[in-house]
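Listed below are the residues making up each chain.
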Amino acid sequence: MASITIEAITKTFGAVPVLHDIDLSIGDGEFVVLVGPSGCGKSTLLRMIAGLEDITAGEIRIDDRRINEVAPKDRDIAMVFQSYALYPHMTVADNMSYSLKLRKTAREKIAEAVGAAAGKLGLDPLLARRPKALSGGQRQRVAMGRAIVRHPKAFLFDEPLSNLDARLREQMRAEIKRLHKSIGATSVYVTHDQIEAMTLADRIVAMHGGIIQQVGNPLDLYDRPANLFVAGFIGSPAMNFVEGHCRAGVIETTDGSKVAIPEGIHLTEGQAVTIGIRPEHVRIVAGSEAGSYTARVDLVEPTGFGTIVHVRLLGQDLKIYTLERGVAVVGQPLHIALDSTRLHLFDRETTNRIG
Amino acid sequence: MTRKRLVLTVLHRLAVLAYVAFALFPLFWLLKVSVTPTSLLYTEGIRLWPSRASLEHYEFVLTHSSFPTFFLNSTIVSASTAVIVTIVSSLAGYAMSRFVFRGKYWIVALLLLTQMFPLVMLIAPMFKMLSPLGLTNSLTGLVIVYVAFNVPFATFLMQSFFDGIPKDLEDAAMIDGATRFTAFRQIILPLTLPGIAATLGFVFTAAWSELLFALMLISGEKATTFPVGLLSFVSKFSVDFGQMMAAGVLALIPACLFFLLIQRYLVQGLTAGAVKG
């Protein structure tokens, strides 16, 4: 187990900057998820921790030991790849024991460790097989087994579930979380899937354009996104954004509607803002009430548990997520109320959160 | 529909069969002439098999000519060339496939450039270079020349095989505790066996049948290789076809054996299951 400290890390590929001045410290036993759209630099950062990419500037430490110049094999970390990267010419047992053999571990110890890991992951009946005789989910499990068999200082996961189908992904997600609970190893997990990030992480690091946008526990990011990027990235269906200006104590949207400024927030006259409201925080009300709006239903998407209703409001295609069935009919008007305590306000110039 | 498909299948098989017959016929003719006694060679006209077959040409070639020496020379030269080229080109091909380094572009360009000259152009300068070093008329000299000419192509060949192996595998091995060279040796090389076998086979046959340089650089019988030796059956006034063909059949044997040995590695599919495919 170990802590990982990342200090002022910068990475450029040739002349192309990929990461800008990244600072992050990961505590002992913590499960940190790096999340962001593809090309945001999250995988590069992970590969730099692993030692597979050079560090252009800055320093990475594991347990206060600078590892910039340390070869991957001497960093004592394990990594699970998106492609699994199983050695095709070796059996499952050999795949799992390869790292221990390289360390010249005694044969009995290897057998013991492989047995324990295989038991934990339900791989016992597969130990003599080659990777090509395994299903995707089984390969994924072997890749995990290869990582846990050697009790490394830290686990790195590079989008390990992206190649699985939805059902299996959900199952493996829970299994990874359970595994982390039982092993308690420091883990860094890269994904572009915000649901994976929300469900797995002790702390989420949201990245975009090679810059850390926000670090915090999952609910922090959901409840108080630091900027427009995080607000739009975390949460599904995604947050609604409505543009407007501050005029005479209210926010006037592009279509001329007025939205009350939430309490405790001070805007200057004429300031350009973006209002963010999550689809699940838009309420459908029975009749017209004070501060409610009326809109025509554009589209209804039932998801089973809830329903996503699209309406045309405030000059936007606004999404509403409701658990009530049958309240929205395409073409019919709908009464809607915005809960002002649930509104997020962002400065349109800086894209940062206001208040 | 099924009837049409049946007809198409039959036609397809026939076409393949015809092609195979076309390709193998010269080999059959080689064998046929080699067992035809000299007395019958010109008297029987064209027939598929002589009325009397004999091994007299084989006997002569093996006991009364220098062919065993030529054979040995060719085997030494071809095997050494194949092994050296394969080692060098697999290392070079790996570097080309995996690393970004200064001058890579120029090295690739140079490698390509060497493949563009007609060999005849290079014989004189080659001779000039090897002669003062005492490398003409020697098998070592031939090996050096063959290695030089085969490495560029073999490097490209090996590079394409390495390109087909996912980079994640070495990354995984290095994180598992291997140095880059250990990862290359224990993970990548075993997966490249088909490529290595192909390269070995290709270079071996190229060296085995090379005539031009062997002819120009070697003058004594001691270092003569088999293709040059074959020419000794052509004299000013006659060609001894029977003996020449017998020698030719014998020359096929090592190449056939070699491919028999490596053929199981030539079969692809070893990398299946490495990564999600």
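Since the structure is predicted, the reported quantities are computational estimates derived from the model, not experimental observations.

1. Remarks on the layout of surface pockets
Consideration 1: Of the voids in this model, the largest pocket is the one considered here, and its volume is about 500 Å³.
Consideration 2: Lining the largest pocket are 23 residues, with A:Gly51, A:Leu52, A:Glu53, A:Asp54 and B:Arg180 sitting closest to its centre.
Consideration 3: Broken down by class, the residue content of the lining of the largest pocket amounts to 9 nonpolar, 3 polar and 11 charged.
Consideration 4: Reported here for the second largest pocket is a volume of approximately 250 Å³.
Consideration 5: Along the walls of the second largest pocket sit 17 residues, with A:Thr341, A:Arg342, A:Leu343, A:His344 and A:Arg353 positioned nearest its centre.
Consideration 6: Mapped by element, the contributors of at least two residues to the lining of the second largest pocket are α7 (218-223), β20 (344-347) and β21 (353-354) of chain A.
Consideration 7: Its residues assigned to classes, the lining of the second largest pocket shows 6 nonpolar, 5 polar and 6 charged.
Consideration 8: Both domains that furnish three or more residues to the lining of the second largest pocket are identified here as domain 1 (4-233) and domain 2 (240-354) of chain A.

2. Re the domain arrangement of chain B
Residue and element names in this part refer to chain B.
Consideration 1: Entries for chain B in the domain assignment read domain 1 (2-34) and domain 2 (66-266).
Consideration 2: Computed from C-alpha atoms alone, the centre-to-centre distance between domain 1 and domain 2 is 32 Å.
Consideration 3: Interface area, domain 1 with domain 2, both sides summed: about 460 Å², of which 91% is carbon and sulfur.
Consideration 4: When the area that domain 1 buries against domain 2 is broken down by residue, the three leading residues are Leu30, Val33 and Ser34, summing to 81%.
Consideration 5: If you look at where domain 1 meets domain 2, you find 0 salt bridges.
Consideration 6: Partitioning the side of domain 1 that touches domain 2 into residue classes produces 4 nonpolar, 1 polar and no charged.

3. Details of the interface of chain A and chain B
Consideration 1: Counting residues at the interface gives 27 residues for chain A and 24 residues for chain B.
Consideration 2: Contact between chain A and chain B buries roughly 2,200 Å² in total, counting both sides, with carbon and sulfur atoms accounting for 62%.
Consideration 3: A per-residue breakdown of the area chain A buries against chain B is headed by A:Lys73, A:Pro88 and A:His89, which together make up 24% of the total.
Consideration 4: The interface formed by chain A and chain B includes 2 salt bridges.
Consideration 5: In this structure, the salt-bridge partner of B:Asp171 is A:Arg47, at a minimum N-O distance of 3.1 Å.
Consideration 6: Summed over the shared surface of chain A and chain B, the result is 10 residue pairs in polar contact (both at pLDDT 80 or more).
Consideration 7: Of all the secondary structure elements, the ones that give two or more residues to the side of chain A that touches chain B are α1 (42-50), β6 (77-80), α2 (92-102) and α4 (136-148) of chain A.
Consideration 8: When the residues that make up the side of chain A that touches chain B are grouped by side-chain class, the tally is 16 nonpolar, 4 polar and 7 charged.

4. Concerning the domain arrangement of chain A
Residues and elements named next belong to chain A.
Consideration 1: When cut into domains, chain A gives domain 1 (4-233) and domain 2 (240-354).
Consideration 2: At the junction of the two partners, domain 1 supplies 10 residues and domain 2 supplies 10 residues.
Consideration 3: Linking domain 1 to domain 2 there are 5 residue pairs in polar contact (both at pLDDT 80 or more).
Consideration 4: Those elements that place two or more of their residues in the side of domain 1 that touches domain 2 are α7 and α8 (228-233).
Consideration 5: Taken together, the residues that form the side of domain 1 that touches domain 2 break down as 6 nonpolar, 2 polar and 2 charged.

5. Things to note about the sheet that holds β20(A)
All names here are of chain A.
Consideration 1: Here we have 6 strands laid out as an open sheet, ordered β13-β12-β11-β14-β20-β21, and antiparallel in their pairing. Edge positions in the sheet fall to β13 (258-260) and β21, since each has one partner strand and no second.
Consideration 2: Note that β20 and β21 share 2 bridges and pair antiparallel. The residue of β21 that forms the bridge with Phe346 is Arg353.

6. Digging into unusual backbone geometry
Residue and element names in this part refer to chain A.
Consideration 1: Here Ser236 and Pro237 are connected by a cis peptide whose omega angle stands at -5 degrees.
Consideration 2: One can find Pro237 in the loop between α8 and β11 (240-247).
Consideration 3: With a phi close to 50 degrees, Asp63 is a non-glycine residue in the positive phi region.
Consideration 4: Here Asp63 is to be found in the loop between β4 (57-62) and β5 (65-66).

7. Things to note about the sheet that holds strand β1 (residues 4-13) of chain A
Residue and element names in this part refer to chain A.
Consideration 1: Judged by pairing direction, the sheet is antiparallel, and its 4 strands sit side by side in the order β2-β1-β4-β5 without closing on themselves. Every interior strand has two partners, whereas the edge strands, β2 (16-26) and β5, have only one.
Consideration 2: As defined by bridge partners, β4 adjoins β5 across 2 bridges and the pair is classed as antiparallel. Among the inter-strand pairings, Ile62 is bridged to a residue of β5, identified as Arg65.
Consideration 3: The sheet strands contacting α1 are β1, β2 and β4, and the helix crosses β1 at an angle near 115 degrees.

8. Quick word on a nonpolar patch on the surface
Consideration 1: Among the surface-exposed residues, B:Tyr42, B:Leu211, B:Leu215, B:Met216, B:Leu231, B:Val234, B:Val239 and B:Phe241 lie close enough to one another that they form a single nonpolar patch of about 660 Å² accessible area.
Consideration 2: Its relative accessible area of 34% is what places B:Leu211 among the partly exposed residues.

9. Concerning the pairing of strand β12 (residues 250-253) of chain A
Residues and elements named next belong to chain A.
Consideration 1: Where burial is concerned, the two faces of β12 differ: the one with Ile251 and Thr253 is buried and the one with Val250 and Glu252 is not.
Consideration 2: For β11 and β12, the ladder comprises 4 bridges, and the chain directions are antiparallel. Note that in β12 the partner of Arg247 across the bridge is Val250.
Consideration 3: Counting the residues that bridge the hairpin from β11 to β12 gives 2 residues, and of these Ala248 lies at a positive phi of roughly 50 degrees.
Consideration 4: Pairing of β12 with β13 involves 3 bridges; the strand directions are antiparallel.

Criteria and thresholds
Residues numbered from 1 in each chain as written. Chains lettered and ligands numbered in written order. Predicted model: local features only at pLDDT ≥ 70, side-chain atom pairs only at ≥ 80, totals over all residues. Heavy atoms only, no water. 1 Å grid on protein atoms, 1.4 Å probe; cavity = no way out; pocket = protein on both sides within 12 Å on 5 of 7 lines; lining within 4 Å. Points joined across faces, edges and corners; volume = space filled by probe spheres on them. Nonpolar A, V, L, I, M, F, W, Y, C, P; charged D, E, K, R; others polar. Helix = DSSP H or I, 4+ residues; strand = E, 2+ residues; numbered from the N terminus. Domains from an automatic or database assignment. Buried area = accessible area lost by both parts, 1.4 Å probe. Salt bridge = Lys/Arg side-chain N within 4 Å of Asp/Glu carboxyl O. Contact = heavy atoms within 4.5 Å. Polar contact = N/O pair within 3.5 Å; in protein donor to acceptor, adjacent residues only side chain to side chain. Pairing = 2+ DSSP bridges. Axes fitted to C-alpha atoms, helices over the stretch in contact; angles between N-to-C directions. Patch = residues over 30% accessible without salt bridge, like charges linked within 9 Å, V, L, I, M, F, W, Y side chains within 5 Å. Areas by Shrake-Rupley, 256 points an atom, 1.4 Å probe, with all protein chains shown as cover. Buried < 20%, exposed > 50% of the residue type's maximum accessible area, 1.4 Å probe, protein only.

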